[in-house]
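Coordinate analysis (summary)
Each chain is listed here by its residues.
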Amino acid sequence: MARDYYGILGVRRDAGQDEIKKAYRRLARELHPDINPDPETQERFKEINQAYEVLSDPNKRQMFDLGADPFGGGGGGPGAGAAGFGAGFPFSDIMDAFFGGGGGSRGPRSRARRGRNATIRVELDLAESAFGTTRELVVDTAVLCEVCQGSGAASGTHPDTCDMCHGRGEISQVTRSFLGQVMTARPCPQCGGFGSIIQHPCQECSGDGRVRTRRTIKVRIPAGVEDGTHIQLAGEGEVGPGGGPPGDLFLEIVERPHEIFERRGDDLHCTVQIPMTAAALGTILTVETLDGAEEIDVRPGTQAGHVLPLYGRGIQRLNETGRGDLLIHVNVETPTRLDPAQEELLKELSKLRGEERPPGKFAPGQQGFFSRLRDAFNGR
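Figured I'd write up the structure that's included with this text. Because the structure is predicted, anything quoted here is derived from the model rather than measured.

**Thoughts on helix H4 (residues 58-65)**
Buried residues of H4: Lys60, Arg61 and Phe64, and no others. For H4, the buried positions fall inside an angular range of 100° around the axis, keeping them on one side. Taken together, the buried residues of H4 touch helix H1 (5-9), helix H2 (17-31) and helix H3 (39-55). Looking one or two residues past H4, Gly67 carries a phi angle of roughly 95°, positive in sign.

**A closer look at the sheet that holds strand E15 (residues 326-333)**
Taken in spatial order, the four strands of this open sheet run E10-E11-E15-E14, and their pairing is mixed. The two strands at the open ends of the sheet, each matched to only one other strand, are strand E10 (262-264) and strand E14 (307-310). In this sheet, neighbouring strand axes are inclined to one another by 30° on average, regardless of whether the strands run parallel or antiparallel. Bridging between strand E11 (residues 267-275) and E15 involves eight bridges; their strand directions are parallel. Following the sheet pairing, Val272 is matched in E15 by Val330.

**Some remarks on the environment of Leu126**
One can find Leu126 in helix H6 (residues 126-131). Ignoring anything within four residues of it in the chain, the contact list for Leu126 reads Glu255, His258, Phe261, Arg263, Leu268, Leu290 and Ile315.

**Structural notes on the packing of H2 against H3**
Direction vectors running N to C along H2 and H3 enclose 165°, while the axes themselves pass 10 Å from each other. As judged from the angle between their axes, H2 and H3 are roughly antiparallel. The way H2 lies across H3 gives a crossing that is left-handed. Touching Gln17, Ile20, Lys21, Tyr24, Leu27, Ala28 and Leu31 of H2 are Thr41, Arg44, Phe45, Ile48, Asn49, Tyr52 and Leu55, all from H3. For the contact of H2 with H3, a count of residues per class yields nine nonpolar, three polar and two charged.

**Thoughts on the pattern of salt bridges**
Scanning the model with the defined rule gives 23 salt bridges in all. For Asp14, the salt bridge identified is with Arg12, shortest N-O distance 3.0 Å. Judged by relative accessible area, Asp14 falls into the exposed class, the value being 59%. In this structure, the salt-bridge partner of Arg313 is Glu294, at a minimum N-O distance of 2.5 Å. Within this pair, whereas Arg313 is found in the loop between E14 and E15, its partner Glu294 is found in strand E13 (residues 292-298), the two being separated by 19 residues in sequence. Given a relative accessible area of 28%, Arg313 falls into the partly exposed group.

**Points about the nonpolar core**
Counting 22 residues, the largest nonpolar core has Ile274 and Ile328 as the members making the most contacts within it. The set of elements that each furnish at least two residues to this core consists of H6, E11, helix H7 (276-281), strand E12 (283-289), E13, E14 and E15. If you look at the next biggest cluster of nonpolar residues, it comprises 20 residues, including Tyr5, Tyr24, Leu31 and Tyr52.

**Let's talk about unusual backbone geometry**
The phi torsion at His166 lies on the positive side, around 60°, for a residue other than glycine. Not every positive phi belongs to a glycine, and Asn319 is a case in point at roughly 60°. By secondary structure assignment, the location of Asn319 is in the loop between E14 and E15.

**Examining the sheet that holds strand E1 (residues 118-124)**
With mixed pairing, three strands are arranged side by side in an open sheet as E1-E9-E8. At either margin of the open sheet sits one strand with a lone partner, and together these are E1 and strand E8 (230-233). This sheet shows a mean twist of 25° between the axes of neighbouring strands, independent of strand direction. As paired elements, E8 and strand E9 (residues 249-255) share four bridges and run antiparallel to each other. Looking at E9, one finds that Gln232 is bridged to Phe250.

**Concerning H3**
Taking 1.5 Å per residue as the helical rise, H3 with its 17 residues ought to reach 24 Å, and the 25 Å between its terminal C-alpha atoms agrees with that figure. Among all positions in H3, only Thr41, Phe45, Lys46, Ile48, Asn49, Gln50, Ala51, Tyr52, Glu53, Val54 and Leu55 are buried.

**Topic: the packing of H3 against H4**
Between two packed helices, the angle of one axis relative to the other and the distance separating the axes together describe the packing. The interhelical angle for the contact between H3 and H4, taken along N-to-C directions, is 100°, at an axis separation of 6 Å. In this view, H3 runs roughly perpendicular relative to H4, as classed from their interaxial angle. Side by side, H3 and H4 meet where Glu53, Val54 and Leu55 of the first sit next to Lys60, Arg61 and Phe64 of the second. Of the residues belonging to the contact of H3 with H4, the class tally is three nonpolar, no polar and three charged.

Conventions used here
Residues numbered from 1 in each chain as written. Predicted model: local features only at pLDDT ≥ 70, side-chain atom pairs only at ≥ 80, totals over all residues. Heavy atoms only, no water. Buried < 20%, exposed > 50% of the residue type's maximum accessible area, 1.4 Å probe, protein only. Helix = DSSP H or I, 4+ residues; strand = E, 2+ residues; numbered from the N terminus. Arc of directions from axis to C-beta. Contact = heavy atoms within 4.5 Å. Pairing = 2+ DSSP bridges. Axes fitted to C-alpha atoms, helices over the stretch in contact; angles between N-to-C directions. Parallel < 35°, antiparallel > 145°, perpendicular 65-115°, else oblique. Left-handed = near helix turned anticlockwise from the far one by under 90°. Nonpolar A, V, L, I, M, F, W, Y, C, P; charged D, E, K, R; others polar. Salt bridge = Lys/Arg side-chain N within 4 Å of Asp/Glu carboxyl O. Core = buried A, V, L, I, M, F, W, Y, C linked by side-chain atoms within 4.5 Å. Expected span 1.5 Å × (residues − 1).

Such coordinate-based values are descriptive only and should not be taken to indicate function.
So, in structure tokens, the structure goes:
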């Protein structure tokens, strides 16, 4: 009496390959001799191996459904093989059942594959980095072939099933080992594992499913980016082979040096030169900022190296509210040459302040030169 392979695995006669494989793996884990050494369990294990060998092979399954013997009358009974495996038993499937192979890689592979990512450099001025900007970028990339819509086949045709692997994308080979006859699978050399062959490639894309072109994309660059920042534009990379999904496009920010400001994080720094007299007496300076010209008050007696802050005049913080500061470093210019009139005025001022002594000989508690100079001008 012929065995009911569907009943052995506990699946319906119209069960798909995934359902058959799932049922087999479940039973294999339960009935494997290493787990259940009972002789009756071992016989049951041989039965599910034979059932799976038949139902996982489209040709053998068709023969069984038609009432024929898929083993041709011998070699495939439950007692075949040194370890109880049927002839041509797909050993890789039972290994997947125990070691988590999953079986997802078996069968024909898709022609559609994800496209590569791409990176382009975008140069920005300091103001563009600080406040953000919008750019139109010209990108050389691969896009979907409009003629074949990614299939790679010429219009009016379609890929033909491979006559070597019959659409499975792989071919099987039976070898002998200490386990008996073991079936191994490898990608079909004729179709490359796709299971089909494009006999008439699309003339537009030469069967690749995509064509190269130049396109323009409009991108918004947020405020606060800095040199070296990478911005990811999902799905803006090139389309994959076979019309596969596009990769991502990455923008690498390159910030040009500024002639006045030096950026340190979200703060800006600059240096201003003021005359010695302006530092001593105080003055109003007009300085350039990213927001335009602004006036700042230089207090009397300002020393070289003093920092004047303009709060909130720096860089917009990336993905946050608020801005950094503009820090103005004061450099006091000391005259290197004096004409006779200027020299005489300074000598007179020195006498008024009691500074006839050689430099460095001031008495303790005396004021510095700039303070005394300020007082002299103020009539103190």
